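Examination of the molecular architecture
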Amino acid sequence: MTASDACFHCALPIPTNCSLTVEIEGTQRPVCCPGCKAVAELILDTGMSRYYDLRDTPDPGVGRPPDEAAEWQVFDSADMLGAFTEQHDSVREATIYVGGMYCSACSWLIETTLSKQPGIESAEVNPITHRLRLRFLTDGSPFSSHLATLANLGYQPQPMSPEGAARPEVTEQRSALKRLLVASLGMMQVMMFAVGLYAMDFQGIDAEMQHFLRLVSFFVTTPVVFYAAKPFFTSAWRGVVARRPGMDLPVSIAVGSAYAASIYATFTRGPAVWFDSVTMFVFFLTLGRFLEMRARHRSIDRGVAVSSLLPNTSIRVDKGARTTVPVSQLAAGDTVLIRAGESVPADGLLSSGSTSVDEALLTGEARPQVKGVGDELSAGSINLDNMIEMTVTTTGGDTTLGTISRLSERARYARPAFVTLADKIASYIVVALLLVASFVAVFWYFADPERAFVITLSVLVVTCPCALALATPAAFAAAGSRMSQLRLLVTNGNAIESLSRITCAVFDKTGTLTKGQPRITAVFVTDNAWTEKDCRLVAAALESASTHPLANAFALPDELPTVTSQKIEVGQGISGVIDGRQWRLGNASFVGGGIAAEDSSATHVFLGVDGTLVAWFEIEDELRPEAKATLDSLSDLGIAVALVSGDNRNSVEAVAEKLGISELHSECTPEDKLAIIEAAQQRGERVVMIGDGINDAPVLAGADTSVAPAHGALLAQTSADVIMLGESLAPLTTAVEMSRKTMRIVRQNLTWAIVYNALALPLAAAGFVPPWLAAIGMSASSLVVVLNALRLNRFE
């Protein structure tokens, strides 16, 4: 046995049907099973690739898990669970790519089967990307048992790393391409033989030659049926076993019956064969599935592109010594060296040097951003100019890049309500079509027995509800992909549908309509026992625990007093104990009273100690330059605009006047904001709330749809349905227009699918549609739906 015939990891022979490999130092090394592949990749990811250089040649089987659990039990180790799952308290969450899925019935089968397993909290399948999000208890059944359950169902589960897994979709694409190649070659050859068989109708043909051409057609058609069409039969049988028939059932019946009848006619020298129709049907159906698969894969290309920004290694600086380490080994507090042209490996603060960085793929901002000492750097951004050093603050899935990927992944599993409903009734549609085909078969059996089989075959083919099943998912996949390119991160799958029906937009002021870069313009001290410097230090210390945009105005580089018992009162302010005294910073009623200048349009924040007012601050924040244009665009779309804010009336009125907003509400608590939204909903309005996504969480949850401008670490805390990456409000208008166009395309697709089936069914039942034309018609209808959905990729 040569080295190429043995597993590189465990030295066991490689099965003939196994083509798994691992890239080690630029060379593809063969491995014998997913278990060895996973262990080898873990060794590489943890920076221990020299293990393979230093080890002796292993005895066959050393390092490979036990045979009975080689494929799945390896995923129960602590290292593998850490690499492929995320733990939240007593629950682990994993993303699994499920190979072998073909329709929504597969989603139902997987979700239903896994939900019955002990220890499973939830199982959500996205039929567009073929990914399963699994939540299971840490003290329940092991991870390997859930993977084994999927394998026993006939699927090929592949756990994916939370930080950005390899692309198993590539394997699926290669397999699909091979099946398409077999189907196309088979169809071309059989059609050539069919020319001779059709010619006999006009010129006659020797009986032995006819038999020979049929035999050759049989041999060429067989691999097309048993290899290229295998996914259809597998999916159909899976649905029958689960008592949930899918769209592949009528396809499989049509292909199988036509193939079997043609074999019978060949060896009994019957009047006709349909090998040409079988190969043509399989080819066009496989072509349609292949194009649909490519569209589905493109829906996650954005996430893959973002994940690929992160480098594999980084230069860590420790007491002047530079060491190249895997990015996975970086920790908070490490100092890393980043050369010009390299990617930033983690989130951190620039500690030495100055440069400009490219954050285009993260935020959509095309212009380089100038960074100096103390500025934040985001993982995945590109250092353009100078060599710099950075102090790491967060790594892995906690970085901005990881958060974007995680939120995007979460959105892929949430399907609109009517899509879920369509999945539930899909099996009933299939059963109804089978009943119709049975009725047609019985009718023609008595009317014209010789044509009964051919007509029934055409009915089964032409009525396959592929276009109906793809009408909505294809459009939503394309829309989600395009919106991410336009700086819109959709975290709730229902958001697109909801945004399309919005009639009223309610805006928060601070950090939303304003830049979120407030500055203190004046300090008024009312107690002579305290200086302005004292008040600013106390305020800065209190606000150090706050995430509100106004907290940025109080930040100071000085050493701050120690605060204990800090408590944030949402919509009111923040309190804490300093040197044994109770301090409060917030609105007047929260602090204990206070009256600011009534003619001031600035935001007022009051500071008090032990119930006595000490000072107040006037804070101003510039409006976003594109705010007026964005609000005007929303008005042009027929959407009413309102402003709700916790700031004083003068400040809110000043902003409303500049932006042309007629409906405004000032000095609102979160409860007041929620009441305003609920009142609008009771009037029949569909409300979108645009707020900072953190302090307005209850209000965002109460709206029909919520949108938040967010950046950096705040991304992980937002509760909004849609996040606008970057510093502009302009994508909000894009989101509404994109959502409306998406729903128009969904309606167009559904209309086309229904009209096609309504016209094709009676024509096929009447005998006007031969099987080969039925195959072309069914495939063409599916392609029309997919191509129509892909128009969303060109939305500007």
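Residues numbered from 1 in each chain as written. Predicted model: local features only at pLDDT ≥ 70, side-chain atom pairs only at ≥ 80, totals over all residues. Heavy atoms only, no water.

**Some details on the overall build of the protein**
Counting its regular elements, the protein contains 26 helices and 29 strands. Burial status across the protein gives 52% buried among its 796 residues. The long-range share in the protein, meaning contacts at least 24 apart out of those at least 6 apart in sequence, stands at 67%. Surface exposure of the protein reaches about 35400 Å², of which carbon and sulfur atoms provide 56%. (Helix = DSSP H or I, 4+ residues; strand = E, 2+ residues; numbered from the N terminus. Buried < 20%, exposed > 50% of the residue type's maximum accessible area, 1.4 Å probe, protein only. Contact = heavy atoms within 4.5 Å. Areas by Shrake-Rupley, 256 points an atom, 1.4 Å probe, with all protein chains shown as cover.)

**Things to note about the sheet that holds strand β12 (residues 355-358)**
In spatial order, the strands read β13-β12-β15; together these three strands make up an open sheet with antiparallel pairing. Sheet topology places β13 (369-371) and β15 (382-383) at the edges, where each strand pairs with a single neighbour. In the sheet, β12 pairs with β15 via two bridges, with the strands oriented antiparallel. Across the sheet, the residue bridging to Val 357 is Asn 383, located in β15. (Pairing = 2+ DSSP bridges.)

**Focus on helix α16 (residues 466-485)**
Between its terminal C-alpha atoms α16 stretches 28 Å, which fits the 28 Å expected from 20 residues at 1.5 Å a residue. Along α16, the sharpest kink reaches roughly 30°, centred on Thr 472 and followed within four residues by the proline Pro 473. A large share of α16 lies buried, amounting to 16 of its 20 residues. (Expected span 1.5 Å × (residues − 1). Bend = angle between axes of the 7 residues up to and from the residue.)

**Brief notes about unusual backbone geometry**
The phi dihedral of Ser 565 falls on the positive side, at around 55°, and the residue is not glycine. Phi at Glu 667 is positive, roughly 50°, even though this residue is not glycine. With respect to the helices and strands, the residue Glu 667 is situated in the loop between β26 (663-665) and α23 (670-682). Among the residues examined, Glu 667 registers a relative accessible area of 53% and is labelled exposed.

**Overview of the packing of aromatic side chains**
In total, this model carries 15 aromatic pairs according to the counting rule given. Ring geometry for Phe 218 versus Phe 219: centroids 5.1 Å apart, planes at 50°, classification tilted. Between the aromatic rings of Tyr 259 and Phe 275, the centroid separation amounts to 6.4 Å while the plane-to-plane angle is 70°, which identifies the pairing as edge-to-face. Pair noted here: Tyr 259 is in helix α9 (residues 248-267) and Phe 275 is in helix α10 (residues 275-298), with a separation of 16 residues, a long-range link. Here the two residues Tyr 259 and Phe 275 agree in accessibility, since each one is buried. An aromatic cluster is built from Phe 218, Phe 219, Phe 226, Tyr 259, Phe 267 and Phe 275, whose rings are joined through pairwise contacts. (Phe/Tyr/Trp six-rings, centres within 6.5 Å; stacked < 30°, edge-to-face > 60°.)

**Side note on helix α7 (residues 207-228)**
The terminal C-alpha atoms of α7, which comprises 22 residues, lie 31 Å apart, in line with the 32 Å expected from a rise of 1.5 Å per residue. Bending of α7 peaks at approximately 25° at the position of Thr 221, with proline Pro 223 no more than four residues after it. Taken together, the buried positions of α7 are Gln 210, His 211, Leu 213, Arg 214, Leu 215, Ser 217, Phe 218, Thr 221, Val 224, Val 225 and Ala 228.

**Re the confidence of the model for the protein**
Confidence in the prediction for the protein averages 79 pLDDT; 81% of positions are at 70 or higher. Of all secondary-structure elements in the protein, the lowest mean pLDDT belongs to helix α11 (residues 301-307), at 54, while strand β18 (residues 504-507) reaches the highest, 92. Note that pLDDT drops below 50 for residues 61-70; the model gives that stretch 15 contacts with residues more than four away or on any other chain. (pLDDT = per-residue confidence, 0-100.)

**Observations concerning the sheet that holds strand β22 (residues 581-586)**
Overall, antiparallel pairing links the six strands, which are arranged β19-β24-β23-β22-β21-β20 in an open sheet. Two strands bound the open sheet, and with one partner strand each, they are β19 (519-525) and β20 (564-569). Across the sheet, the mean angle separating the axes of adjacent strands is 15° when strand polarity is ignored. Summarising the sheet, strand β23 (residues 603-609) and strand β24 (residues 612-620) pair through seven bridges and their orientation is antiparallel. Residue pairing across strands places Gly 608 opposite Leu 613, the latter belonging to β24. Here helix α19 (residues 532-543) sits on the sheet and contacts β19, β20, β21 (573-578), β22, β23 and β24; the angle it forms with β22, its principal contact strand, is near 80°. (Axes fitted to C-alpha atoms, helices over the stretch in contact; angles between N-to-C directions.)

**Concerning the side chain of Arg 133**
As for its placement among the helices and strands, Arg 133 is situated in strand β6 (residues 131-137). Note on Arg 133: relative accessible area 14%, which makes it buried. For Arg 133, the side chain forms a polar contact with the side chain of Glu 124, separated by 2.5 Å. (Polar contact = N/O pair within 3.5 Å; in protein donor to acceptor, adjacent residues only side chain to side chain.)

**Let's talk about the nonpolar core**
Core analysis: the largest hydrophobic core is formed by 54 residues, its most contacted members being Val 251, Val 255, Phe 281, Val 282, Leu 285 and Met 778. The dominant element in this core, judged by the number of residues it contributes, is α10, at nine residues. Look past the residues within four positions of Met 778 in its chain and what remains in contact with it is Phe 281, Leu 285, Val 461, Val 462, Cys 464, Cys 466 and Tyr 756. Counting residues in each nonpolar core, the second largest holds 43 residues, with Ala 475, Met 483, Leu 631 and Leu 732 among its members. (Core = buried A, V, L, I, M, F, W, Y, C linked by side-chain atoms within 4.5 Å.)

**Things to note about a nonpolar patch on the surface**
Taken together, the side chains of Leu 181, Leu 185 and Met 188 define a hydrophobic patch exposed on the protein surface, amounting to about 290 Å² of accessible area. Checked against the element boundaries, Met 188 lands in helix α6 (residues 168-203). (Patch = residues over 30% accessible without salt bridge, like charges linked within 9 Å, V, L, I, M, F, W, Y side chains within 5 Å. Salt bridge = Lys/Arg side-chain N within 4 Å of Asp/Glu carboxyl O.)

**Notes on the packing of α9 against helix α15 (residues 449-462)**
A pair of packed helices can be characterised by two numbers: the angle between their axes and the separation between those axes. For the pair α9 and α15, the least separation of the axes is 8 Å and the interaxial angle reads 150°. It follows from the interaxial angle that α9 and α15 lie roughly antiparallel. Here α9 and α15 pass one another in a crossing that is left-handed. Facing Pro 250, Ile 253, Ala 254, Ser 257, Ala 258 and Ala 261 of α9, the residues of α15 in contact are Phe 453, Leu 457, Leu 460 and Val 461. Class assignment of the residues belonging to the contact of α9 with α15 gives a composition of nine nonpolar, one polar and no charged. (Parallel < 35°, antiparallel > 145°, perpendicular 65-115°, else oblique. Left-handed = near helix turned anticlockwise from the far one by under 90°. Nonpolar A, V, L, I, M, F, W, Y, C, P; charged D, E, K, R; others polar.)

**Observations concerning the packing of helix α25 (residues 731-765) against helix α26 (residues 771-790)**
Where α25 contacts α26, the axes come no closer than 9 Å and their chain directions differ by 170°. Comparing the axis directions of α25 and α26 gives the class roughly antiparallel. Side by side, α25 and α26 meet where Ile 745, Gln 748, Asn 749, Trp 752 and Tyr 756 of the first sit next to Ala 774, Gly 777, Met 778, Ser 781, Val 784, Val 785, Asn 788 and Ala 789 of the second. Here the contact of α25 with α26 is built from residues that sort into eight nonpolar, five polar and no charged.

**Observations concerning the environment of Ala 94**
Within the secondary structure, Ala 94 sits in strand β4 (residues 91-99). For Ala 94, a relative accessible area of 0% puts it in the buried group. Look past the residues within four positions of Ala 94 in its chain and what remains in contact with it is Phe 84, Thr 85, Leu 132, Arg 133, Leu 134, Phe 136 and Phe 143.

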